[in-house]
Amino acid sequence: MALPGSLRSTRATHDIMAEPESEIGGDGRGESAQDSPAVTTTRTVEVVVYLLLLALALVLGYDNWKSGMGWAKDGPQSGYLPFYLCVILAGASLFGLGVAGMKRGQAVKTFVTRDQFRRVIQVFVPTALFCLLMQWLGIYAASFLLVAGFMRVIGRIALWKSLVTSLLFTLVMFVTFEVAFDVIMPKGPIERLFGY
Amino acid sequence: MEALGLLMHGFAVLLTWKTLSLMMVGLLLGVFVGVLPGLGGPNGVAILLPLTFTMDPTAAIVMLSCIYWGALFGGAITSILFNIPGEAWSVATTFDGYPMAQQGKAAEALTAAFTSSFIGSLVAVMLITFLAPSIASFALRFGPPEFFSVYLLTFCSFVGLGREEKHKTIISMTLGLLLAAVGMDTVSGQLRMTFGFDALLRGVNFLVAVIGLFGISEILLTMEERLALRGHAAAISLRVVLKVWKEMPRYWVTLLRSSAIGCWLGITPGGAIAASFMGYNLAKRFAKDPSTFGTGRIEGVFAPETAAHASGTSALLPMLALGIPGSGTAAILLGGLMVWGLNPGPLLFVEHKDFVWGLIASMYLGNVVGLVIVLTTVPIFAAVLRVPFAAIAPMIVVSCAIGAFAIQNALFDVWLMLGFGVVGYVFKKIGIPLAPFTLALVLGNRSEDAFRLSMIGAGGDLRVFWSNGLVGSITTLALVLLFWPLIGRLFESARRRRRPIGT
């Protein structure tokens, strides 16, 4: 029986890599999780999110008001339900702002510490770059770069291991989607070289 | 006993080599996504959906539902061996499962978990077999007003009965409903909330949102917590399996109770996670020595796993019979069905008999095959977790991107996925629940259509929702559930007034 692509590749990677204890993003500076300063508090983030939702509700509400939020003879116009959903959303956000306002002076809850935030950025930025590169390079070349780069730079896994794993993974993905299941993916100059 | 004959027919549809091998592939993939941190049932189904685009609908849905069963099984592996619940409903399994693994009884715990999951879903599948056709034939008489009232009931029960802060549930739900309305209005053909962007004409795809909300955001969260995966190794021998199975009948009350709780909560929207906790707590309350729970009792594994699987499976009952998913993953399966042009609901039982009974038969078969597979392959899947996360994380990101792109062949969707990833991360951290959002996004268009069709039918008269006994009672029940927290408080204060404090 043909094993599914991603399974086969991961089993292969397991054989290649023998350092199960390597930590993610540990940079050896000895900064422990406890004494890392907070970037921001949960309350601040809540307030920001509620404000953004409020703004969204206003923008969408305005658009729906334009497209007709009235009640025609045969029932609601197309903007009717979304308009009132915006009203509810705005109301709930205001309520949330009120609740967050009342929490002032209570114990401060950390949203994310600087240490945690750095690790989140470490995975978010490569992901965003990957999405960007995909536009020109196609999904397979971009995914090769993402996996190899991430393993090498952030995981500090030996260069050859990273390259081999990444190449295997990309090939398996390519065979699974492009060849076996006929799912069309964005492709770039490299695939064109091989005639795809 | 018409159901039995149809079920046999369903088995006949399934028993081809192609379908059976797809089933195995689906189960293995499912266990795999269930085991990996950052993936899980809903997300795994969404990502792997594109794989099925070139298959016929029956084969495709069999594979998707097998991914679902596999993910349900897989959650138990990480809970027991690594003390990391793969799914929210596996949390209760860690209470006694992990201590058992620490005492060197990992194999027993795993066998207990898999077997009880099997029993739980078997009970639920039997319920589906015998109940779904009658519910569906009853619902055939439903018109748009009845359907709208049932949708309303689903939404209201999420708000009224959910444990999260109410305004957060409401925000999550309205946001989902609003996003569902983006794009072309199906009734009037007018464009809504597109702001002149061509990419928004098709609206926000439900599956893209799910991949971002559950996949990308989970990767961000896992990175933040810096999971160090150090777990126990396990291989299950036949001797252990037989030993556990011999012990099992002693706990029949627990198994039965948990199955019943699971089935009930699974059909009620939003109950899947509560089921496992309730199963565990009730087993503890009724035990002779409740204090030994949490120290590695096999009963503490039986109870939550049975309930979790019973609820995970019975969540498919309202999805199939009424087109209303009982859980997040059921919602995604529903999204998958709609990709095939199959409209879940009562008509499905009439128009696509082969499909429905093939699916139900695959639930039986998938669970049996799944049980065998997980019992034999645990060491492999436990080894997967020892691969450094720095290698797993980018691979999951790539799989998410492939899944998001392939659904509509749109690069815009990859950006949308990234955006939803950030939204999901922030929402999870400030406690805005994601389940109502998912449900609203998938049901949004259908409920709006139902509402407006009933309005057109009734000439814009809202009293149509109380026009007969059935629709009236459903609508009233929905409103009662919506305001249940307030009503409950009124009752409470009335009771307190009658009985002064201190007596």
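Residues numbered from 1 in each chain as written. Chains lettered and ligands numbered in written order. Predicted model: local features only at pLDDT ≥ 70, side-chain atom pairs only at ≥ 80, totals over all residues.

J.: An account of the interface of chain A and chain B is requested, with residue identities and associated values reported.
T.: One frequently used descriptor of interface size is the decrease in accessible area upon assembly of the parts. Taken together, the contact pairs 73 residues of chain A with 64 residues of chain B. Sorting the residues of the side of chain A that touches chain B by element identifies α1 (5-16), α2 (42-66), β3 (75-76), α3 (80-102), β4 (110-113), α4 (114-154) and α5 (159-180) of chain A as the ones contributing at least two each. When residues in the side of chain A that touches chain B are grouped by element, the largest group, 19 residues, is from α4(A). Residue classes in the side of chain A that touches chain B are distributed as 44 nonpolar, 21 polar and eight charged. (Contact = placed C-beta atoms within 7 Å. Helix = DSSP H or I, 4+ residues; strand = E, 2+ residues; numbered from the N terminus. Nonpolar A, V, L, I, M, F, W, Y, C, P; charged D, E, K, R; others polar.)

J.: Describe unusual backbone geometry, naming the residues involved and giving the relevant values.
T.: Notably, A:Arg156 is not glycine yet its phi reads approximately 50 degrees, a positive angle. Relative to the helices and strands, A:Arg156 resides in the loop between α4 and α5. Since 18 C-beta atoms lie within 10 Å of it, A:Arg156 is described here as partly exposed. The phi dihedral of B:Asn409 falls on the positive side, at around 50 degrees, and the residue is not glycine. As for its position among the elements, B:Asn409 is in the loop between α18 (389-408) and α19 (411-430). (Buried ≥ 20, exposed ≤ 12 C-beta atoms within 10 Å, placed from the backbone.)

J.: Give me the lowdown on the nonpolar core, citing residues and values where you can.
T.: Residues and elements named next belong to chain B. Core analysis: the biggest nonpolar cluster contains 227 residues, and Leu-110, Ala-401 and Met-417 have the highest contact counts within it. Residue contributions to this core peak at 18 residues, all from helix α4 (residues 57-82). Among residues more than four places away in sequence, those in contact with Met-417 are Val-208, Ile-211, Gly-212, Ile-216, Cys-400, Ala-401 and Ala-404. (Core = buried A, V, L, I, M, F, W, Y, C linked by C-beta atoms within 7 Å.)

J.: Could you give an account of helix α11 (residues 252-267) of chain B, with specific residues and numbers?
T.: For α11(B), spanning 16 residues, the distance from its first C-alpha to its last is 23 Å, which sits close to the expected 22 Å at 1.5 Å a residue. Looking only at α11(B), the buried set comprises B:Thr254, B:Leu255, B:Ser258, B:Ser259, B:Ile261, B:Gly262, B:Cys263, B:Leu265, B:Gly266 and B:Ile267. (Expected span 1.5 Å × (residues − 1).)

J.: Let's hear about the packing of α4(A) against helix α9 (residues 206-225) of chain B: which residues, and what values?
T.: Running from N to C, α4(A) and α9(B) point in directions that differ by 145 degrees, and their axes come no closer than 8 Å. Classified by chirality, the crossing of α9(B) by α4(A) is right-handed. From α4(A), A:Gln116, A:Arg119, A:Val120, A:Gln122, A:Val123, A:Phe124 and A:Thr127 reach across to α9(B), where they touch B:Ile216, B:Ile219, B:Leu220, B:Met223 and B:Glu224. For the contact of α4(A) with α9(B), a count of residues per class yields seven nonpolar, three polar and two charged. (Axes fitted to C-alpha atoms, helices over the stretch in contact; angles between N-to-C directions. Left-handed = near helix turned anticlockwise from the far one by under 90°.)

J.: Could you give me a rundown of the environment of B:Ser327, with the residues and numbers involved?
T.: Along the chain, B:Ser327 falls in the loop between α14 (316-322) and α15 (328-339). Owing to 31 C-beta atoms within 10 Å, B:Ser327 belongs among the buried residues under this scheme.

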